[in-house]
Amino acid sequence: MTHEQSDQERVESRAHHLLPEETAVGSDDPEAQAEAILAESDIRAADQNAAPDTVLERRTSDQTVAAVEPPD
């Protein structure tokens with residue numbers, strides 16, 4: 001399977017599984033809509049600062065939870 005074929009399958013799958021709010025807006029071309037959604041998603045996945053006003057932090061639970069000492 002070529003990279004182009006897998007991209008096309010991905011677009012077709014996304015076009016058939018639009019979210020309810022995406023379906024409600026309607027589209028004359030669901031595949032073009034899906035392709036645009038996936039392109040934007042790929043950009044944000046590649047550059048986590050691409051989406052304005054969003055910051056994605058990657059921390060482990062031991063970095064986010066304050067340790068609680070048991071009572072004496």
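This section reports on the structure supplied with the text. No experiment lies behind these values; they were computed from the predicted model shown.

## Considering a negative patch on the surface
Argument step 1. Together, Asp7, Glu9, Glu12, Asp28, Asp29, Glu31 and Glu35 make up a region of like negative charge exposed at the surface.
Argument step 2. Of all the elements in the fold, those that place two or more residues in the negative patch are α1 (3–16) and α3 (30–46).
Argument step 3. At three residues, α1 tops the list of elements feeding residues into the negative patch.
Argument step 4. As for its placement among the helices and strands, Glu31 is situated in helix α3.

## Observations concerning the pattern of salt bridges
Argument step 1. By the definition in use, this model includes two salt bridges.
Argument step 2. One salt bridge in this structure joins Asp42 and Arg10, with 2.6 Å as the shortest N-O distance. In this pair, Asp42 is assigned in helix α3 and Arg10 in helix α1, connecting sequence segments 32 residues apart.
Argument step 3. Look at Arg10 and you get partly exposed, because its relative accessible area is 34%.

## Overview of α3
Argument step 1. Under the 1.5 Å per step criterion, the end-to-end length of α3 is 24 Å for 17 residues, consistent within 8% with the ideal 24 Å.
Argument step 2. Taken residue by residue, α3 has Gln33, Ala34 and Leu38 as its buried positions. Seen end-on, α3 carries its buried residues on one side only, within an arc spanning 130°. Looking at α3, the residues exposed on the side facing more than 90 degrees away from the buried face are Ile43 and Ala46.

## Looking at the environment of Ala36
Argument step 1. Mapped onto the elements of the fold, Ala36 is located in helix α3.
Argument step 2. Ala36 sits 25 residues away from Val11 along the chain, and the two C-alpha atoms are 9.1 Å apart.

## Comments concerning the side chain of Glu22
Argument step 1. As for its position among the elements, Glu22 is in helix α2 (residues 20–25).
Argument step 2. Of the polar contacts made by the side chain of Glu22, one reaches the backbone nitrogen of Leu19; its length is 2.8 Å.

Calculation rules
- Residues numbered from 1 in each chain as written.
- Predicted model: local features only at pLDDT ≥ 70, side-chain atom pairs only at ≥ 80, totals over all residues.
- Heavy atoms only, no water.
- Patch = residues over 30% accessible without salt bridge, like charges linked within 9 Å, V, L, I, M, F, W, Y side chains within 5 Å.
- Areas by Shrake-Rupley, 256 points an atom, 1.4 Å probe, with all protein chains shown as cover.
- Salt bridge = Lys/Arg side-chain N within 4 Å of Asp/Glu carboxyl O.
- Lys, Arg positive; Asp, Glu negative; His and termini not counted.
- Charge placed at Lys NZ, Arg CZ, Asp CG, Glu CD.
- Helix = DSSP H or I, 4+ residues; strand = E, 2+ residues; numbered from the N terminus.
- Buried < 20%, exposed > 50% of the residue type's maximum accessible area, 1.4 Å probe, protein only.
- Expected span 1.5 Å × (residues − 1).
- Arc of directions from axis to C-beta.
- Polar contact = N/O pair within 3.5 Å; in protein donor to acceptor, adjacent residues only side chain to side chain.

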